[in-house]
Amino acid sequence: IGTLRLNKSKSEVMIDGNYIDLTKQEFNILELLATSNGEFVTPEEFLEKTWEKNNVSTAAVDIAMFRLRQKLSKYKKGSNLIKNKTGKGYTLNSV
């Protein structure tokens, strides 16, 4: 997506040629967003498709998303990469 590059086999993420150190959970979140074809992904979908543990609240998604956004915002083109809309979920803006 734009200057964002995901390498699934190596679990690596790059923006503008800069590697971003992500946890497995953060990588899985970003991968799901990248493969959602511009559609919004709900917190419940994240829990179902990217979380290894059960009985986790959607607040865990909010926390993980906050941390992921912090890491991405260190790079100019990563600062507005993740968009959210109340009641719809999260999606990626092109960078």
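Data block above holds the structure.
Residues numbered from 1 in each chain as written. Predicted model: local features only at pLDDT ≥ 70, side-chain atom pairs only at ≥ 80, totals over all residues. Heavy atoms only, no water.

Draft legend 1. Local environment of the sheet that holds strand E3 (residues 18-20). The strand order E1-E2-E3 describes an open sheet built from three strands, whose pairing is antiparallel. What marks the edges here is a single partner per strand, and that holds for strand E1 (4-7) and E3. On average, each strand axis in the sheet is inclined to that of its neighbour by 30 degrees, with strand direction left out of account. Direction of pairing for E1 relative to strand E2 (residues 12-15): antiparallel, over a ladder of four bridges. (Pairing = 2+ DSSP bridges. Helix = DSSP H or I, 4+ residues; strand = E, 2+ residues; numbered from the N terminus. Axes fitted to C-alpha atoms, helices over the stretch in contact; angles between N-to-C directions.)

Draft legend 2. Fine view of the pairing of strand E5 (residues 89-92). Bridging between strand E4 (residues 82-85) and E5 involves four bridges; their strand directions are antiparallel. Residue pairing across strands places Ile82 opposite Leu92, the latter belonging to E5. Hairpin connection of E4 to E5: three residues between the antiparallel strands, including Gly87 at a positive phi of 85 degrees.

Draft legend 3. View of helix H1 (residues 24-34). Among the 11 residues of H1, eight are classified as buried, and the element is accordingly described as predominantly covered. For H1, the set of buried residues is Glu26, Phe27, Asn28, Ile29, Leu30, Glu31, Leu32 and Leu33. (Buried < 20%, exposed > 50% of the residue type's maximum accessible area, 1.4 Å probe, protein only.)

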